[in-house]
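Each chain, letter by letter, is given below.
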Amino acid sequence: MGRRKNRPRNRDRNVNTDNKPGWGAGYQEIIKENKLYEEYYQELKIVPEGEWDQFMATMREPLPATIRITGYKSHAEEILRCLKTKYFQELQDLEVDGQKIEAPQRLSWYPSELAWHINISRKMLRKSPVLEKFHQFLVSETESGNISRQEAVSMIPPLLLDIKAHHKILDMCAAPGSKTAQLIEMLHSDMNVAFPEGFVIANDVDNKRCYLLVHQSKRLHSPCIMVVNHDASNIPRLHMVDTDGQRNILFYDRILCDVPCSGDATLRKNIDVWKKWTTSNSLHLHGLQQRIAIRGVEQLAVGGRMVYSTCSLNPIENEAVIATILDKSEGALELIDVSSELPGLKRMPGLTSWKIMTREGHWYAEWSDVPENKHTQIRPTMFPIKDPEKLKVMNLERCIRILPHHQNTGGFFVAVLEKNAPMPWNKREPKLKHKTAAAATPVEDAVEKPAVMDETKITDGGEESSASKDGICCPPPSKKMKLFGFKEDPFVFLNEDDAIFLPIQKFYQLDPSFPKSNVLTRTHEGKKRHLYMVSKELRNVLLHNSERMKVINTGIKVLSRNNDGEEFGCAFRLAQEGIYTINPYINGRIIKISIEDVMVLLTQENPFIGKLTSEPQKQAKKLNMGSIVLKYEPDPLIVEGPNCPIVLCGWRGKNSIRAFVARNERFHYLRMLGVEVFRDKNKGEGSDGVAASTEKNEEPTEEGELNLRREAEHLKEESDTVEESEAKCDQVLQATEETEEPQEQVQHVMVEINNTIRIPESIDPCSKTENFGAEVASSDAN
């Protein structure tokens, strides 16, 4: 291959000579017109009569940002109070350059006022100090996992799943993870329950995007989430073992099936769709969407609920897929009526008739009209059902269509399916791979009956893989599955009599009920660097399916090795990200603190014990050096201050006490205490300088520099070298090309990680006991 000649590039071809602000500044403006798009949807009559011009005008406007307060955390009410009384109030009558700033508006249909529209441009954010502080608040709370940026219509599918704490949930196409985060929040609706009976398995076919999914879910610090990497249309059937040793097929109580789609309802944020859209996009995706949906209902438990959703308005991707699986189910599935759910949400009914148009503009109303040379592009299942009896039973009008101009959102499609009986093609005997004498009697693999678990028993004669016997869950062997991306480290569960538990149990006075069998590590040999915890049910899934699935990540870090701690009686310190999981089992090393103590610990880098109030001083003096729990319990008689408990990890030094809390989490707790926290840009670019002042007094209250970096998550916790850490960063950088505005955020992640690696221990207050890094907070592309 010849060497490419050095030719001058026409760098000015995309320059916007008019210097118009907004999208594409510095580039040629994209013309927001597509005649084929308008012709197609006007013919299908997806918009009520007389609303077409309003519909198209809204499509050409930028999409307002939407934030969601994480509802499962006990701090959600405090964040909402802070937003409403402080930041929203400051924006009420704010004007910038003579333009009145639109005040945030709550989403009327989202429960408990936990979701808000914020229609403020980035250009405006840079022009006002008030808006800049508001922006910093949103970024900081997002990185702490207390706020998620997510498109409004993307919040609908998880709400319609009606999730309870005991539900087993599958998210089939989960990346980048905003909907997955919602599922986790709902699972943890009761923060007093450390280990809900249910769990979430989040799957994505793209290995790179799986790591983005890990970072999104890790912000919520849940032991009940597992990220796997499979093709959703062929996701493996998993097993679980009951108390009698019988292997049961895992059927999910709830399934979220948010399939890949053409995205033609996202014109407001993905403006490239204006020039790229053709009907061919939907024609090519219909088969894949159908296969994913069918695989989903196959794994749904009888009585369970599956939500199918797309960010497309095309009936070929929506009603045609739903009609196909309803027809094939022979009555096993029902499209349920959810019109009474989410009051305040404006919606349109599903379509019952439509036509198909090719990219050349040719229309076809029936399969018989399609010429033979088009049969590979257009399939019979793309056309509407003509039988009026079948159509009546299907109730396609129960589907939900969201139109952008009704509530200033993006477009969306949702259908809620309920399974009343096993799928007809599953009513046959399974072909067991391991037949033994104990399994001589035929057993029905997929015959599902409500509350009758015996129908799904699989008796393998008690055989398990050697990996499962040893408590080791390795990646699937390459002979059975072609693997892409990184080869993940194994998940090794510790035995209950492991010698590592004795000093930990003695040092922290762990309750006898502490589930030792749920503790795992990620290494076969050598010293264990981190200990993670998963729920009992996820442990069951991991141990008995290691050869069927590729697990990317699971578990929450609760303990980390600290070599300096061995001389004090325990080599492991507590990790802040898992403190709410392990805290219910800790009976020792606890110091109860007041509001004043919380303020001291979060604003001073290494305060002397004498700076605490009298009672915590007495408690601290009784403890030897080492890791501790700092616990604040709200006093119902005190009106001021947070009304929720605060639990911090700390270190009792020789003469001082330090809180091991990541920077953004510190900022979060300080805001809950009524302290206004923001970065001081006057300290120079690249510095971590922070200014903190109370609302009553603008004088600085912090005595130490709050320069703690964000706590390391998946990018560095498993990497032994800088090269490994940066390699995983490269994976995330590539994965974010398909998400909304992630590139700038992920590049910032890379900078943070490099800073973490280069900073010497002499200026790093937590270098000997804490690894800090960065997390990715990405909005949902759908």
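One can find the structure itself at the top, above this paragraph.
About the cut-offs
- Residues numbered from 1 in each chain as written.
- Predicted model: local features only at pLDDT ≥ 70, side-chain atom pairs only at ≥ 80, totals over all residues.
- Heavy atoms only, no water.
- Pairing = 2+ DSSP bridges.
- Helix = DSSP H or I, 4+ residues; strand = E, 2+ residues; numbered from the N terminus.
- Axes fitted to C-alpha atoms, helices over the stretch in contact; angles between N-to-C directions.
- Core = buried A, V, L, I, M, F, W, Y, C linked by side-chain atoms within 4.5 Å.
- Buried < 20%, exposed > 50% of the residue type's maximum accessible area, 1.4 Å probe, protein only.
- Contact = heavy atoms within 4.5 Å.
- Lys, Arg positive; Asp, Glu negative; His and termini not counted.
- Salt bridge = Lys/Arg side-chain N within 4 Å of Asp/Glu carboxyl O.
- Polar contact = N/O pair within 3.5 Å; in protein donor to acceptor, adjacent residues only side chain to side chain.
- Parallel < 35°, antiparallel > 145°, perpendicular 65-115°, else oblique.
- Left-handed = near helix turned anticlockwise from the far one by under 90°.
- Nonpolar A, V, L, I, M, F, W, Y, C, P; charged D, E, K, R; others polar.
- Arc of directions from axis to C-beta.

J.: Where do I start with the sheet that holds strand E29 (residues 626–632) in this structure?
T.: In sheet architecture, strand pairing relies on hydrogen bonds along the backbone and comes in two forms, parallel and antiparallel. Here we have four strands laid out as an open sheet, ordered E28-E29-E30-E31, and mixed in their pairing. Each of the sheet's edge strands pairs with one partner strand only, and the pair in question is strand E28 (590–592) and strand E31 (657–659). Pairs of neighbouring strands in the sheet enclose a mean axial angle of 35°, with direction left out of account. When strand E30 (residues 646–652) meets E31, the two strands line up antiparallel, connected through three bridges. The residue bridging Gly 650 from the neighbouring strand is Ala 659, located in E31.

J.: When you look at the nonpolar core in this model, what are you seeing that I'm missing?
T.: Grouped burial of nonpolar side chains is what soluble globular proteins tend to show. Core analysis: the biggest nonpolar cluster contains 118 residues, and Trp 109, Phe 134, Ile 201 and Ile 322 have the highest contact counts within it. Ranked by the residues each element gives to this core, the list is headed by helix H3 (residues 76–90), at seven residues. Ignoring sequence-local partners within four residues, the contact set of Phe 134 consists of Leu 83, Tyr 87, Phe 88, Leu 91, Ile 118 and Ile 120.

J.: How should the side chain of Arg 268 be read in this particular structure?
T.: Assignment of secondary structure puts Arg 268 in the loop between strand E12 (252–258) and helix H9 (273–276). Buried charged residue Arg 268 carries no salt bridge. Nearest counter-charge: Glu 61, at 4.1 Å. At 3.0 Å, the side chain of Arg 268 and the backbone oxygen of Pro 62 are in polar contact.

J.: For this particular structure, what's the right way to read the packing of H3 against helix H5 (residues 129–143)?
T.: For any two helices packed against each other, one specifies the crossing angle of their axes together with the interaxial distance. Between H3 and H5, whose axes approach to 10 Å, the crossing angle comes to 160°. On the basis of the axis angle, H3 is roughly antiparallel to H5. Crossing of H3 against H5: the hand is left-handed. Residues Ile 79, Cys 82, Leu 83, Tyr 87, Phe 88 and Glu 90 of H3 touch H5, and the partners they reach there are Val 130, Lys 133, Phe 134, Phe 137 and Glu 141. A breakdown of the residues in the contact of H3 with H5 according to their chemical character gives eight nonpolar, no polar and three charged.

J.: Before we go on, may I ask you to explain the pattern of salt bridges in this structure?
T.: Opposite charge on two side chains permits them to pair, given that their charged atoms come into close proximity. One pass over the structure, following the stated rule, counts 19 salt bridges. Measuring nitrogen to oxygen at the nearest pair gives 3.7 Å for the salt bridge that ties Arg 398 to Glu 334. Note that Arg 398 is positioned in the loop between helix H12 (388–394) and strand E18 (400–402) and Glu 334 in strand E14 (residues 333–335), a separation of 64 residues in sequence. You can call Arg 398 partly exposed: its relative accessible area is 28%. Taken together, the shared-partner salt bridges connect Lys 84, Arg 106 and Glu 113 into one network.

J.: Would you mind going over the pairing of E29 with me for this structure?
T.: Put simply, side chains in a regular strand alternate between the two faces of the sheet. Burial runs high along E29: seven of the seven residues are buried. Of the strand pairs in this sheet, E28 and E29 are connected by three bridges, and their pairing is parallel. Across the sheet, the residue bridging to Lys 592 is Lys 631, located in E29.

J.: Quick question: what am I supposed to make of the side chain of Lys 179 here?
T.: Checked against the element boundaries, Lys 179 lands in helix H7 (residues 178–187). There is a polar contact of 3.1 Å between the side chain of Lys 179 and the side chain of Ser 154.

J.: What's the story with helix H2 (residues 52–59) in this structure? I'm lost.
T.: The periodicity of an α-helix, 3.6 residues per turn, causes residues three or four positions apart to be oriented the same way. Residues Trp 52, Phe 55, Met 56, Thr 58 and Met 59 constitute the buried set of H2. One face of H2 carries all of its buried residues, which in axial projection span an arc of 160°. For H2, the elements touching its buried residues are helix H1 (35–44), H9 and helix H13 (404–407).

J.: How should I be thinking about the environment of Lys 527 in this particular structure?
T.: Mapped onto the fold, Lys 527 is located in the loop between strand E23 (519–521) and strand E24 (530–533). Note: C-alpha distance between Lys 527 and Arg 561 (34 residues apart in sequence) is 8.7 Å. Once residues lying within four places of it in the same chain are set aside, the contact partners of Lys 527 are Arg 561, Asn 563 and Glu 566.

J.: How should helix H19 (residues 614–621) be read in this particular structure?
T.: When we look at burial in H19, the residues that qualify are Pro 616, Gln 617, Gln 619 and Ala 620. An end-on view of H19 places all buried positions within 165° of arc, on one side of the element. Exposed and facing more than 90 degrees away from the buried side of H19 are Ser 614, Lys 618 and Lys 621.

J.: Would you take a moment to explain the packing of helix H18 (residues 595–603) against helix H20 (residues 663–672) for this structure?
T.: The geometry of H18 relative to H20 is characterised by a closest axis approach of 10 Å and an angle of 150° between their N-to-C directions. With respect to H20, the element H18 is oriented roughly antiparallel. As for how H18 packs across H20, the hand of that crossing is left-handed. Contacts between H18 and H20 pair Met 599, Leu 601, Leu 602 and Thr 603 from the former with Arg 666, Tyr 669 and Leu 670 from the latter. Here the contact of H18 with H20 is composed, by residue class, of five nonpolar, one polar and one charged.

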